[in-house]
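What the coordinates show
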Amino acid sequence: MTSFVSEGTKEIQWGRDWYGSLLPAKYSGHLIFNAVYRPKLGRKERGGKGEGNPDAPDLLEPHILRSLSNVKITSIYGSCCACHFIAIDIHGAAWMFGRNGPHCALGVTATDSISESAPRRLLPAEIGAKAGTKFVHAACGRSHSLLVDSAGRAWSAGANNFGQCGHAISPQIPTFKAIDGPYVDGERQRVVKAAAGITFSILLTDGGKGDSLGTGRTGEHITTGNKTGFDIEADPIPVRGLDDKVITDIASGSQHTIAVDSHGVVYVWGYNGYCRLGLGNQQDALIPKVVPQFAGPNEVTMGARVIAGPTNSVVIDKQQMYWMAGKWKNSGEGSAGSPYSSFRYIQDLMGCKISTASCGGVTHFALTADEDGGVMTVAYGQNAANGELGLGPDEPKSATKPTRHQPLSGIEVFSLAAGQHTTLFLAQPNDNFSELPRHPIEVDAPDLCLVCRKDNGDDDSPLECDKCDHPYHLGCLSPPLPTVPDGEWFCPQCTNETDVLAGSNPRSGERVGAKRKAPAAKENAPKRKK
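All values reported here derive from a predicted model rather than from experimental measurement.

In this section: the overall build of the protein. Across its full length, the protein carries two helices and 41 strands. The buried share among the 530 residues of the protein stands at 55%. Summed over all atoms, the accessible surface of the protein reaches about 21,700 Å², with 49% contributed by carbon and sulfur.

Moving on, we come to unusual backbone geometry. For the bond running from G181 to P182, omega is 0°, close enough to zero to count as cis. Following S478, the chain continues to P479 via a peptide bond in cis, the omega torsion being -5°. Mapped onto the secondary structure, P479 falls in the loop between strand 39 (471–472) and strand 40 (488–490). Its identity is not glycine, yet C104 carries a phi of approximately 60°, on the positive side. Despite not being glycine, Q320 shows a phi value in the positive range, around 70°. With respect to the secondary-structure elements, Q320 resides in the loop between strand 28 (312–317) and strand 29 (322–326).

The sheet built from four strands is open, its strands ordered 27-28-29-30 with antiparallel pairing. The outermost strands of the open sheet, each flanked by one partner alone, are strand 27 (303–308) and strand 30 (340–345). In this sheet, neighbouring strand axes are inclined to one another by 20° on average, regardless of whether the strands run parallel or antiparallel. Bridge count for strand 29 against strand 30 is three bridges, and the pairing is antiparallel. Note on strand 30: the bridge partner recorded for G326 is Y340.

Further remarks concern the packing of aromatic side chains. Counted by the stated rule, this structure contains eight aromatic pairs. An angle of 75° between the planes, with centres 5.3 Å apart, marks the rings of F294 and F343 as edge-to-face. Here F294, found in the loop between strand 26 (285–290) and strand 27, pairs with F343, found in strand 30; they are 49 residues apart in sequence, far enough to count as distant. Residues F294 and F343 agree in their burial class; the two are buried. Taken together, a centroid distance of 5.7 Å and an interplanar angle of 70° make the contact between W328 and Y340 edge-to-face. With a gap of twelve residues between them, W328 in the loop between strand 29 and strand 30 and Y340 in strand 30 connect regions that are remote in the sequence. With relative accessibility at 8%, the residue W328 sits in the buried group. By relative accessible area, which is 7% here, Y340 ends up buried. One aromatic cluster is present, built from ring pairs that chain together F294, W323, F343 and Y345. Geometry around Y274 places K327 over its ring, the cationic atom sitting 5.9 Å from the centre.

On to the side chain of S67, then. Within the secondary structure layout, S67 lies in the loop between strand 5 (63–65) and strand 6 (73–77). According to the relative accessible area criterion, S67 is buried, its value standing at 13%. One polar contact links the side chain of S67 to the main-chain carbonyl oxygen of E116, over a distance of 2.6 Å. Among residues more than four places away in sequence, those in contact with S67 are E116, S117, A118, P119 and K467.

To continue, consider the pattern of salt bridges. Applying the stated rule across the entire model yields nine salt bridges. The salt bridge involving R66 is made with D469; its shortest N-O contact spans 3.2 Å. Here the residue R66 occupies a position in the loop between strand 5 and strand 6, and D469 occupies one in the loop between strand 38 (463–464) and strand 39, the gap between them amounting to 403 residues. Pair check on accessibility: R66 and D469 agree, each one buried. Among the ionic pairs, D206 bridges to R190, the shortest N-O distance being 3.8 Å. Taken together, the residues D206 in the loop between strand 18 (200–205) and strand 19 (210–214) and R190 in the loop between strand 16 (187–188) and strand 17 (191–196) connect sequence positions 16 residues apart. Residue D206 is classed as partly exposed on the basis of its relative accessible area of 49%. A single salt-bridge network, built from bridges that share partners, covers R438, D466 and E488.

Attention now goes to the pairing of strand 24 (residues 256–261). With six of six residues buried, strand 24 is to be regarded as a mostly interior element. When strand 23 (residues 247–252) meets strand 24, the two strands line up antiparallel, connected through five bridges. Residue pairing in the sheet places S252 in a bridge with T257 of strand 24. What sits between strand 23 and strand 24 in their antiparallel hairpin is a turn of three residues.

Here the focus is a negative patch on the surface. A surface patch of like charges, here negative, comprises D447, D455, D458 and D459. Among the structural elements, D458 can be located in the loop between strand 37 (438–439) and strand 38.

Tracing the chain through its elements places L408 in the loop between strand 34 (399–404) and strand 35 (412–418). Placed 346 residues apart in sequence, L408 and P62 show a C-alpha to C-alpha distance of 7.7 Å.

Now for helix 2 (residues 492–502). Of the positions making up helix 2, those classed as buried are C494, T495, T498 and D499. Along the long axis of helix 2, the arc covered by the buried residues comes to 135°, so they all point the same way.

With respect to the element layout, G264 can be found in the loop between strand 24 and strand 25 (266–270). Spatially, the C-alpha atoms of G264 and V300 are 8.9 Å apart, while their sequence positions differ by 36 residues. Contact partners of G264, with chain neighbours within four places excluded, come to F294, M302, G303 and K318.

For the rest of this paragraph, the subject is the sheet that holds strand 24. If you trace the four strands from one edge of the open sheet to the other, you get 23-24-25-26, paired in antiparallel fashion. Every other strand in the sheet has two partners, leaving strand 23 and strand 26 as the edge strands with one partner each. With strand direction ignored, the average angle separating the axes of adjacent strands in the sheet is 15°. Where strand 25 meets strand 26, three bridges bridge the pair, whose relative direction is antiparallel. From the neighbouring strand, G270 faces strand 26, where its bridge partner is A285.

Reading the values: rules and limits
Residues numbered from 1 in each chain as written. Predicted model: local features only at pLDDT ≥ 70, side-chain atom pairs only at ≥ 80, totals over all residues. Heavy atoms only, no water. Helix = DSSP H or I, 4+ residues; strand = E, 2+ residues; numbered from the N terminus. Buried < 20%, exposed > 50% of the residue type's maximum accessible area, 1.4 Å probe, protein only. Areas by Shrake-Rupley, 256 points an atom, 1.4 Å probe, with all protein chains shown as cover. Pairing = 2+ DSSP bridges. Axes fitted to C-alpha atoms, helices over the stretch in contact; angles between N-to-C directions. Phe/Tyr/Trp six-rings, centres within 6.5 Å; stacked < 30°, edge-to-face > 60°. Lys NZ or Arg CZ within 6 Å of the ring centre and 35° of its normal. Polar contact = N/O pair within 3.5 Å; in protein donor to acceptor, adjacent residues only side chain to side chain. Contact = heavy atoms within 4.5 Å. Salt bridge = Lys/Arg side-chain N within 4 Å of Asp/Glu carboxyl O. Patch = residues over 30% accessible without salt bridge, like charges linked within 9 Å, V, L, I, M, F, W, Y side chains within 5 Å. Lys, Arg positive; Asp, Glu negative; His and termini not counted. Charge placed at Lys NZ, Arg CZ, Asp CG, Glu CD. Arc of directions from axis to C-beta.

Below is the structure:
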């Protein structure tokens, strides 16, 4: 995931996050959430029975994540092999939630998970970076995380039994710690991006060079019985075979990596089960190999962006066509019995210009232009049992073929982060966005105005905060509001909390995006009503 900056004005794009199949906001804004996170989601109890929790039901449609609804998010990060997420706001702070234990994947000890309703906020200065440094990128592995700051330094926490955190071998790195390197001729290089799998990490420097950590690095060797052995590298080392290439984008699945260079040539390496590397065979690639399909000479058919899933790889070429290799569903073409051995286009996406995409544990998402010039979110994936597609409570949880995401129709999603069992969407606030339900649906809020403590009847019903639901009469605010404001409205307390975190002066209220709704009925009302 990346943040967006408008050329000329250099204005940071932000959005809002949604949760349910977690949907985060575009540019800098709001998060949307799907398939509510549970600490043991995906784990099985003895006897093979999966965990269920009636107190935390799956969210079958996108929900605005209340805890970050007044935070302007610029980028979101997850992984097909991870059950935790990282979001970065316009001030360069990292917000983290999801599974933390037992390896401290989110850099905290003595807790198995961090709730999405109370995400951890982390600033670079809190872990030893210089004042004024911001986080600009992040990556999630299965049990470890990476943060990249504006000074070009990478930080890591979590499982480190294979050196994937870039530190001396140990069971775990309990708190975020700076990685020493990478170095070229004794000079430390600036890291600009990171990617992570189960037991390895990849760092991309501003010179377009890739460095690897942990297992699965280039240089694996064949041992007895044709078995592959791996050297463990705790310090960043250059990825062999890419020395003279300028890499512009990287992505990692559970056990493989895909990259694209400045010319659009695509490289793949790692485990090649189910033909996930798209090379026409299932032989593991010990050093990066060029995918012939994207090697030219026709420039428009060369790669522009790369995405990795657990058993598949995706390339978006320079004409914005979507290509897939490997296993991406459970039956028919593209399944374990008949994987895509080389990159093939998805028939149902042939007429779409894809801007970005994301692959989760069993899910696939893509963004393309809508007929009215807006953004259309496309979703599909078999065996999505936890509602991570978020197609709606009355729709099937899974979709074999790419389908328009109807609950997100009319919503300007601009970034995606598909996790193992959860999805985040990042979108710009608008009227349609404000119609989405919030997570949690209900919060403990008083019935009377917090200032006067009176009920003035329907003619002067209080205005509810879009985050905490606390009510205020328009005339009780300071300064008073003459009418119900357009856009989302946050109460003085929630606004002041945001200002304190940003280090700015408190304001009386903030309005963002779409038309503001009047108070919602508390009982059985998943959405606010006029």
